[in-house]
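Here is how the chains run, residue by residue.
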Amino acid sequence: MVRDLDFPIKVLGMPIAREPDGLAMSSRNARLSPESRKAALSISAALNWAMDAVMERKVTQPKRIVEEVKQQITAAGGQVDYVELRDADNLQPITDLSQQRTLLAVATWFPAKGKGTVRLIDNTVLEPLKE
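Notes on the structure follow. All of these numbers come straight from a predicted model, not from anything done at the bench.

**Regarding the pairing of strand β3 (residues 117–126)**
Item 1. Covered by surrounding structure in β3 are V118, L120, D122, T124 and L126 only, the residues T117, R119, I121, N123 and V125 on the alternate face being uncovered.
Item 2. Alignment of strand β2 (residues 102–111) against β3, held across 10 bridges, turns out to be antiparallel. By the bridge assignment for β3, W109 is matched with R119.
Item 3. Two successive antiparallel strands, β2 and β3, enclose a turn made up of 5 residues, where G114 displays a positive phi of approximately 75 degrees.

Shown next as structure tokens:
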């Protein structure tokens, strides 16, 4: 939007602030039960897996990244709201991982202390595949 509207400002992306165990920092984390907090680590673990898989060229198909991230989070007890791969510069859908920096964005639900659920979000940028 800044670029499209020619605003004279620069948007800088910064790393996600994380807890020492890797969970993205959020006030919502306090609502997680101890078991759910441990299970929620599957989010950052899945993002790290995706970064490694792309960097090491183990996976080149976007669909496979999405499916594996969903599977890892679901296996840990989370309910996936979405896992999306988008062009990091314009947020358009992508068809491959070789042409652009790719945003991997995740939203999930985990059981809260007592009753209810907690929605957690996280993301990372996957660098394009190099020949």
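Next comes the rest of the write-up.
**Examining the pattern of salt bridges**
Item 1. Evaluation of the coordinates by the stated rule reveals 7 salt bridges.
Item 2. Measuring nitrogen to oxygen at the nearest pair gives 2.8 Å for the salt bridge that ties R18 to D122. Residue R18 is found in the segment before α1 (34–55), and its partner D122 is found in strand β3; the two are separated by 104 residues along the sequence.
Item 3. For R18, a relative accessible area of 29% corresponds to the partly exposed category.
Item 4. Given the relative accessible area of 6%, D122 is considered buried.
Item 5. The closest approach of N and O atoms between E56 and K58, which form a salt bridge, is 2.9 Å.
Item 6. Overall, the relative accessible area of 59% leaves K58 in the exposed class.
Item 7. Three or more residues are tied together by salt bridges with common partners; here these are D89, R101 and E127.

**Section: the sheet that holds strand β1 (residues 79–87)**
Two strands in a sheet stick together by hydrogen bonds in their backbones, pointing the same way (parallel) or opposite ways (antiparallel).
Item 1. With respect to topology, 3 strands assemble into an open sheet ordered β1-β2-β3, the strand pairing being antiparallel. Looking at strand neighbours, the two that pair on one side only are β1 and β3, the edges of this open sheet. Averaged over all pairs of adjacent strands, the angle between their axes in this sheet comes to 15 degrees, without regard to strand direction.
Item 2. The strands that α1 touches are β2 and β3; relative to β3, the one it contacts most, it runs at about 15 degrees.
Item 3. Those strands touched by helix α2 (residues 62–75) are β1 and β2, and its axis lies near 155 degrees from that of β1.

Rules used throughout
Residues numbered from 1 in each chain as written. Predicted model: local features only at pLDDT ≥ 70, side-chain atom pairs only at ≥ 80, totals over all residues. Heavy atoms only, no water. Buried < 20%, exposed > 50% of the residue type's maximum accessible area, 1.4 Å probe, protein only. Helix = DSSP H or I, 4+ residues; strand = E, 2+ residues; numbered from the N terminus. Pairing = 2+ DSSP bridges. Salt bridge = Lys/Arg side-chain N within 4 Å of Asp/Glu carboxyl O. Axes fitted to C-alpha atoms, helices over the stretch in contact; angles between N-to-C directions. Contact = heavy atoms within 4.5 Å.

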